[in-house]
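Residue-level structure breakdown
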Amino acid sequence: FTNHDLSGSGIALLLLAGPALIWFLCFLSIKNALDARQKPLLNLLSSSLNANAEIKITEAKDSKLFLEKAPNNYKSRKMLPAVSLILHLLPLILGAEAVIQLSNYVHEQAFKQWRDGNYAYSESLCRPAMFFADTFLAGNKAERAYSTYVLAECCRCQGKWQEAENLYKKAINLYDSNDIEMAAWAYDNLGRVYEGESKLIQAEENYNKAISLWKKSSSYQEPVIARALNRLSLLHAKMNLMEQAEAEAREVLERDRKVMKDYKIDNQILSADYNDLGVIQSLEGKAKEALASLEESLEIKKQAKKDSAYSYSEQMLREAISERNIAEVYKSMNNTSQAAARTVKANADIDAAAKSIQRADFPTRSMQKLRRYLLPTYEYPNCFKRSDISIQEMKTGFVDDSK
């Protein structure tokens, strides 16, 4: 240094510039890898942390990703200790602030994948993101809560009830009274987990807690309440509290008529309301009233405009749900000819949806897989979507009925 006559400030600049340049190049390479969906580093980290499967990605012609898990990766499991050590050393190598920025970027990508319905891929990103948040942002409850909440959403959407339940509870404890609106979302979705586990009393308690918190929120919004009340009405039907369920379903209808006016949206929101009301009436044994509600639902769905929130394939599938429900009501009335005719129409709608997205492997005639296909359109944080349930689901859960 003496030979090159460098000043103290010059030396300091070199010492600072070196690590900064390394951090920038590392962050940029990981960002580019994520954007290109090569994910070499994050797939390694996430699969090892998760001790889970590799993610197999196939691109469909409608530009949506359809994911499935490959067999468990033994090599990833063996590398878990090494990867954990690398994660703990990252702050020393890159600096804690760099790791936090990387965590935020990974988290952002995870949310985008969840929004698009790529739940397995999103989960593979959420796990290291939550690890980063818990490890390097221990004092930041909001960041840790949100990171935990998004991972809980991924688990719930894949039916991983127990893990989702634990994660929602953790998020609720972290949100505490600091963010009652996000706490309400966590309570609401925890209720959905309990409902998936057939713990109906606990589900009811959490739905009511969510509605209570939303009403206290300064950013209280009517569509959110109507959405939660829609689920609560169907839950009460499962609990055989039919009068209460029907009254709540009618309240949802009235609330959504106001929502249409206040938010200037089309009447498609009412189609699901009428459908769900008709399903409840069918379970009550009110066949004629159920038919009237279901036919009203179907008529509204058929009037959907091109600028509707639903694509053509989604629209066809929604019409198929109504047709199937009408067929079920006719079956209960021993009107086999009408039941058969409406079933044919439902199957034709499903076939039209399959043809529109040009997927030979589309699960035609399967109500269970039909619902799974529609799941992302409901899950995305859109308060203008309602359950649009089928009678089959209410009676027996998901039924893979291809008849």
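Scroll up for the structure.
A few points on the structure. (Residues numbered from 1 in each chain as written. Predicted model: local features only at pLDDT ≥ 70, side-chain atom pairs only at ≥ 80, totals over all residues. Heavy atoms only, no water.)

Section: helix α15 (residues 312-332)
Test applied: Strands are runs of DSSP state E lasting at least two residues, helices are runs of H or I lasting at least four, and both sets are numbered from the N terminus onward. The span one expects for a helix is its residue count, reduced by one, times 1.5 Å. Burial here depends on accessible area, computed with a 1.4 Å probe over protein chains only, as a share of the maximum for the residue type. Under 20% is buried, over 50% is exposed, and the range in between is partly exposed.
Taking 1.5 Å as the rise per residue, α15 with 21 residues should run 30 Å; its terminal C-alpha atoms sit 31 Å apart, in good agreement. Counting buried residues in α15 gives 18 out of 21 residues, a clear majority hidden from the surface. Two residues or fewer past α15, N334 is found with a positive phi of approximately 60°.

Topic: the packing of helix α9 (residues 180-196) against helix α10 (residues 200-216)
Where we set the bar: For helices, the fitted line uses only the C-alpha atoms of the stretch in contact; every axis is such a line through C-alpha atoms, and the angle between N-to-C directions lies from 0 to 180 degrees. Between 65 and 115 degrees an angle is taken as roughly perpendicular, under 35 as roughly parallel, over 145 as roughly antiparallel, and anywhere else as oblique. The crossing is said to be left-handed when, going from far helix to near helix, the turn is anticlockwise and less than a right angle, and right-handed when the turn is clockwise. Contacts are assigned to residue pairs that have any heavy atoms within 4.5 Å of one another.
Relative orientation of the contacting elements α9 and α10 amounts to 160°, with a least axis distance of 8 Å. The angle between α9 and α10 places the two elements in the roughly antiparallel class. Seen along the crossing, α9 lies across α10 with a hand that is left-handed. Each of I180, E181, A183, A184, W185, Y187, D188, L190, G191, R192, Y194 and E195 in α9 lies in contact with α10, whose residues at this interface are L200, Q202, A203, N206, Y207, K209, A210, L213, W214 and K216.

Digging into the nonpolar core
What counts here: For our purposes a nonpolar core is just a set of buried Ala, Val, Leu, Ile, Met, Phe, Trp, Tyr and Cys residues, chained together by side-chain atoms within 4.5 Å.
Of all hydrophobic cores here, the largest spans 48 residues; its most connected members are Y149, Y168, Y175, W185 and W214. Among the elements of the structure, α5 (96-115), α6 (119-136), α7 (141-157), α8 (161-175), α9, α10 and α11 (222-238) are those that each provide at least two residues to this core. Sort the elements by how many residues they give to this core and α9 lands first, with 9 residues.

Side note on unusual backbone geometry
Backbone geometry at S198 places phi at a positive 65°, although glycine is not the residue there. Note on placement: S198 falls in the loop between α9 and α10. Residue N240 is not a glycine yet carries a positive backbone phi of 65°. With respect to the helices and strands, the residue N240 is situated in the loop between α11 and α12 (242-263).

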